[in-house]
Structures are given as structure tokens and as C-alpha cells.
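# A closer look at the structure
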Amino acid sequence: MSKTEKRNVPALRFPEFQDEWVERRLEDLFIEFKSGKNIKASKINDSGNYPVYGGNGLRGYTDIFSHDGEYFLIGRQGALCGNINRFSGKAFVSEHAIACRSNDFSDTEWLAQRLDYFNLNRLSESSAQPGLSVQKLLRFKLVVPTRSEATKIATFLTSVDKKIAQVQEKKRLSQEFKKGMMQKLFSQQIRFKDDQGNDFPEWEEKRLGDILIEYKERVDANTNLPILTSSRNGLYPQKDYFANRELQNEGEYGVVPKGFFTYRHMSDDATFKFNINEYCERGAISKEYPVFTTKDYSARFLYEILNNGSDFKRFALTQKQGGTRTRLYFKNLCKMVLSLPISQEATKIATYLTALDDKIQNLENQIRQAKAFKQGLLQQMLV
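Summarised in this report is the structure supplied together with it. (Residues numbered from 1 in each chain as written. Predicted model: local features only at pLDDT ≥ 70, side-chain atom pairs only at ≥ 80, totals over all residues. Heavy atoms only, no water.)

### Looking at the overall build of the protein
Heads up, the rule is: A helix here means a DSSP run of H or I that spans at least four residues, while a strand means a run of E at least two residues long, and both kinds are numbered starting from the N terminus. Put simply, the radius of gyration uses C-alpha atoms, and a globule should come to 2.2 Å times the residue count raised to 0.38. Contact between two residues is taken to exist if any of their heavy atoms lie within 4.5 Å; hydrogens are not considered. Here, Shrake-Rupley sampling with a 1.4 Å probe gives the accessible areas, and only protein chains in the shown set may cover a residue. Note that His is not counted, nor are the chain ends; the positive residues are Lys and Arg, and the negative ones are Asp and Glu. Note on charges: their place is set at NZ of Lys, CZ of Arg, CG of Asp or CD of Glu.
Helix and strand counts for the protein come out as eight helices and 23 strands. Expected size for 383 residues packed as a compact globule is a radius of gyration near 21 Å; at 27 Å, the protein overshoots this value by more than 25%. C-alpha atoms of the protein, sized along the principal axes, occupy 75 × 50 × 50 Å. In the protein, once contacts between residues fewer than 6 apart in sequence are set aside, the share between residues at least 24 apart is 72%. About 21,100 Å² of surface is accessible on the protein, with carbon and sulfur atoms providing 46% of the total. Here the protein holds 58 positive side-chain charges and 48 negative ones, and the gap between their average locations is 4 Å.

Following this line, the structure appears as C-alpha cells:
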């Protein structure tokens, strides 16, 4: 590929193509650009001869098909309208998606890549139910290459997508492997041995209060410490979690030192997530959130068995006492009795699980880098 300064051509293109790109309406680029057909929910099952696609992708399966060929779909309704999905072969397309297939002037996959990059959601019409108008989309203009150049670009971008998908699949399999290993480790189907090759002692039931130490330092609301939010997805700076906005907190904050636990003690569905501060040396957290550390015991092992073991899930359900929310105060968490290995075995398990996490994080980094690489390609290969 070479760089060029010609007008209406991309900054980066394959050298055999020299023609200037031309502006076309979408109605001039498609042989089919039409909403799918209505299908009753009762006709969609978990299995069937043909997949059913809606605005957000696969909905299930049915025994009839409405389309046959290479298509991409545009989500037509809802907050995520403008989504691009693809299918090949026979499928049923519901009325919530626009089925798109190019004519001989362009290439279906190139158009899918181009419109996905444009983000059609920007064209949605504001209302209680955001949506895209087929007629308005058909009048939308793109600057497009010849079909042969479009096909070559699409083939190249598709190869990048396949590499990203391969890494995403590796990540999914790694996550499943870790999940399976945790089940076997926490149920003691798999045991580690000590450094001399000897068996560790049997796990013993302990009150969590025997290995937890509460931490109750407070700072004023105008503290210079980073303000943190403990969510089900982890512990984040509040500015990141709330789109560069920090919530006002009257009075004071609690302090969560690096390596210490915190959690939101109220839940609408009895699901709690324990987070460890790995973000900063000292962070400020809502004073309502308990903060604690462990006493001569692996914090990482406790993090994994509380968040991923079945025993804590059962315990959390017992904490609901009327009302709609379940409250798990620290004093009640301390009453939980859990079967635990000795500290040395807990540390070995934690080290093993951390290594699996590192592998998963490495794959996530590869995915992020590959997506950034593709985004850079799109910026240079499209007009």
C-alpha cells in the first residue's frame, strides 16, 4: 500500500488502485436494503433449522427462513440501533433489523465495515424508542471505491477481524478453564502439595472473623485521596466510573489502603462483589462500605473463594431480612463459617489462579491492541 494526497481517496490504499473514489447514495449501492419480517416469539426456539436474527444479533432458531445469501444486518430500533451483524446462508431476519446486500457496484462486507465505522447510531431519531429510518438511510451518502478495491479492502479488514476473534476465543476458553479449575480447587477435587511433595492437611471450617481485620480510618469529604467506587466490575476511580464526574459525599469518607478489601454492603439481588484496592496506595471510599484486610492469610485466595465459590453465594441469601435489599454488614460477614485450607496451601492456590488471571489479562491486552490497530487502519483506508 502507498500513501497518496489525491482528493477523495484514502490516505492508505493498495498500490494497484489509482481511481478517485466517488460519492454515492446508499440506494445506489444495494440490491437489498429492507427491514426483515415479523415473527412471533413463540416461533423462536433454542434450536431449529435456521437462525433468527434481530436488531442485536442472534435471537434463537426457527424452522423457516426469510433470507439466503451473504448479508449484513443493521439494528433498526432501540438504544443500540445501528449495530452491525453478519450472516451467511439461510436465516430468518426479524422486522427489528435491516437486511443489506450490495449490488454489483460495491461489496457487502466493505459496506458493513464502512457503516460500522461511521456508527449509524448517530443518525437515530430521538424518541422514547430510538430508531433508524430505512428511507432516510437510503439517501445517506458515502464516498466509495470501485467494487474490486472495496473487495480487497474488505478481505484485508476481515482477516484482521478474524485474528481479533481468535484471540477473543482464546480469552473465553481461558476464562472457562479458570472457572473450571476454581470449582475443582474449592471443592478439593484437586489439591496442591507442599514444597516437599507432601499432602497439605484437610481443610477446616473457620469463622471469617478469625482471619479478617476491619479497617475504619476516616478522612474529610474534601480529601485529596482518589475517590474510588466499588462495583461488580471492580474497584475504579469514581471519575472513570461516572464519566469524569465525582459524586458529592457529605461528611467524610472511609479509607481503603492498597491491598485491602472493600465492598458495597447492600444488594438488590443478594450478589456482592469483594474488591481489593490495587489502584493506589490509599483511596477514599464511601464510609458505608466496609474495609478490611486479612490476618496471616492470603488475601488473593479469600478474594477468589468469596467472589467465585458457591458457599458465599448461599450465605449471602441467608442475609436477606425483609425489604427489597439484602444488607451484608461486616459484623455479619465475620460470622460466616467457611471451609478453608491452611495458609500455605491457600497461597499456592492464589499464586496459581493469579497466573491464570495474568494470562487472561495478556489476551485482553492483545485484543485491545488489535482493535486499536484496526481502528487506525479504518481511519487511513476509508474516506
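This is not the end of the story, as more comes after the structure.
### Observations regarding the nonpolar core
Applied cut-off: Take the buried Ala, Val, Leu, Ile, Met, Phe, Trp, Tyr and Cys residues and link them wherever side-chain atoms come within 4.5 Å; each set so joined is a nonpolar core. Summary of the burial criterion: residues with accessible area below 20% of their type's maximum are buried, those above 50% are exposed, and those between are partly exposed, where the area comes from a 1.4 Å probe applied to protein chains only.
Phe 30, Phe 33, Phe 72, Ile 74, Trp 110 and Leu 115 are the most contacted members of the largest nonpolar core, which totals 42 residues. Where this core is concerned, the elements lending two or more residues are strand S4 (30-35), strand S7 (67-75), strand S9 (97-102), helix H1 (108-118), helix H2 (134-138), strand S10 (141-144), helix H3 (147-186) and helix H8 (343-381). Among the elements that line this core, the one with the most residues is H3, at seven residues. Ignoring anything within four residues of it in the chain, the contact list for Phe 30 reads Phe 72, Cys 100, Arg 101, Ser 102, Asn 103, Leu 111 and Leu 115. Leu 208, Ile 211, Phe 312 and Ile 349 belong to the second-largest nonpolar core, a separate cluster that totals 35 residues.

### Re the layout of surface pockets
To keep things clear, this is the line we draw: Cavity and pocket criteria rest on a 1 Å grid covering protein atoms alone: a 1.4 Å probe that fits but cannot get out defines a cavity, protein on both sides within 12 Å along at least 5 of 7 lines defines an open pocket, and an atom within 4 Å of a point defines a lining residue. Grid points are joined across faces, edges and corners, and a volume is the space filled by probe spheres set on the points. Just so you know the grouping, Ala, Val, Leu, Ile, Met, Phe, Trp, Tyr, Cys and Pro go in nonpolar, Asp, Glu, Lys and Arg go in charged, and all remaining residues, Gly too, go in polar.
Considered as a void within the structure, the largest pocket measures approximately 1,200 Å³ in volume. The wall of the largest pocket is formed by 35 residues, among which Lys 178, Lys 273, Arg 300, Tyr 303 and Asp 357 lie closest to the centre. Taken together, the elements giving at least two residues each to the lining of the largest pocket come down to H3, strand S15 (234-237), strand S19 (275-276), helix H5 (299-308), helix H6 (310-317) and H8. Split into classes, the residues belonging to the lining of the largest pocket amount to 10 nonpolar, 12 polar and 13 charged. Considering only enclosed or pocket space, the second largest pocket measures out at about 240 Å³ in volume. Along its surface, the second largest pocket is lined by 16 residues, and Glu 214, Arg 218, Lys 287, Glu 288 and Pro 290 are the ones closest to its centre.

### Re the sheet that holds strand S13 (residues 218-220)
Here is the rule: Strands are treated as partners if at least two bridges between them are detected by DSSP. Between the N-to-C directions of two axes lies an angle of 0 to 180 degrees, each axis being a line fitted to C-alpha atoms and, for a helix, fitted only over the stretch in contact.
With antiparallel pairing, three strands are arranged side by side in an open sheet as S13-S16-S20. This sheet does not close on itself; its edge strands, each paired only once, are S13 and strand S20 (282-286). Averaged over neighbouring strand pairs, the angle between their axes works out to 45 degrees when direction is ignored. Where strand S16 (residues 252-257) and S20 come together, five bridges link them in antiparallel fashion. Along S20, the bridge assignment pairs Val 255 with Ala 284.

### Let's talk about the environment of Ile 39
Residue placement: Ile 39 occurs in the loop between S4 and strand S5 (50-54). Ile 39 gets classed as buried once you look at its relative accessible area, which sits at 9%. Linking Ile 39 and Phe 92, residues 53 residues apart in sequence, is a C-alpha distance of 8.7 Å. Beyond its immediate stretch of four places on either side in the chain, Ile 39 contacts Ile 44, Val 52, Arg 59, Thr 62, Phe 92, Ser 94 and Glu 95.

### Things to note about the packing of aromatic side chains
What counts, and what does not: Two rings belonging to Phe, Tyr or Trp (six-membered ring only in the last case) form a pair when the distance between their centres is within 6.5 Å. Interplanar angles under 30 degrees mark stacking, angles over 60 mark edge-to-face geometry, and anything in between is tilted. Note on geometry: a ring has a charge over it if NZ (lysine) or CZ (arginine) is within 6 Å of the ring centre and within 35 degrees of the ring normal.
The full count for this structure, using the stated rule, is 21 aromatic pairs. Look at Phe 118 and Phe 140: their rings are 4.7 Å apart centre to centre, the planes differ by 55 degrees, and that puts the pair in the tilted class. You can see Phe 118 sitting in helix H1 and its partner Phe 140 sitting in the loop between H2 and S10, a full 22 residues away along the chain. In this structure Phe 140 comes out as buried when scored by relative accessible area, which is 17%. Cation over ring: Arg 24 sits above Phe 105, and NZ or CZ is 4.1 Å from the ring centre.

### As for the sheet that holds strand S8 (residues 84-93)
Within a sheet, adjacent strands bond to each other through the backbone by hydrogen bonds, running parallel or antiparallel. Reading across the sheet, the six strands line up as S4-S9-S7-S8-S5-S6 and stay open at both edges, with mixed pairing between neighbours. The open sheet is flanked by S4 and strand S6 (57-62), the only strands paired with a single partner. Strand-to-strand, the axes of this sheet are offset by a mean angle of 35 degrees, without reference to chain direction. In this sheet, S8 lies alongside S5 in parallel orientation, the contact comprising two bridges. Opposite Val 52, over in S8, you have Phe 92 as the bridge partner.

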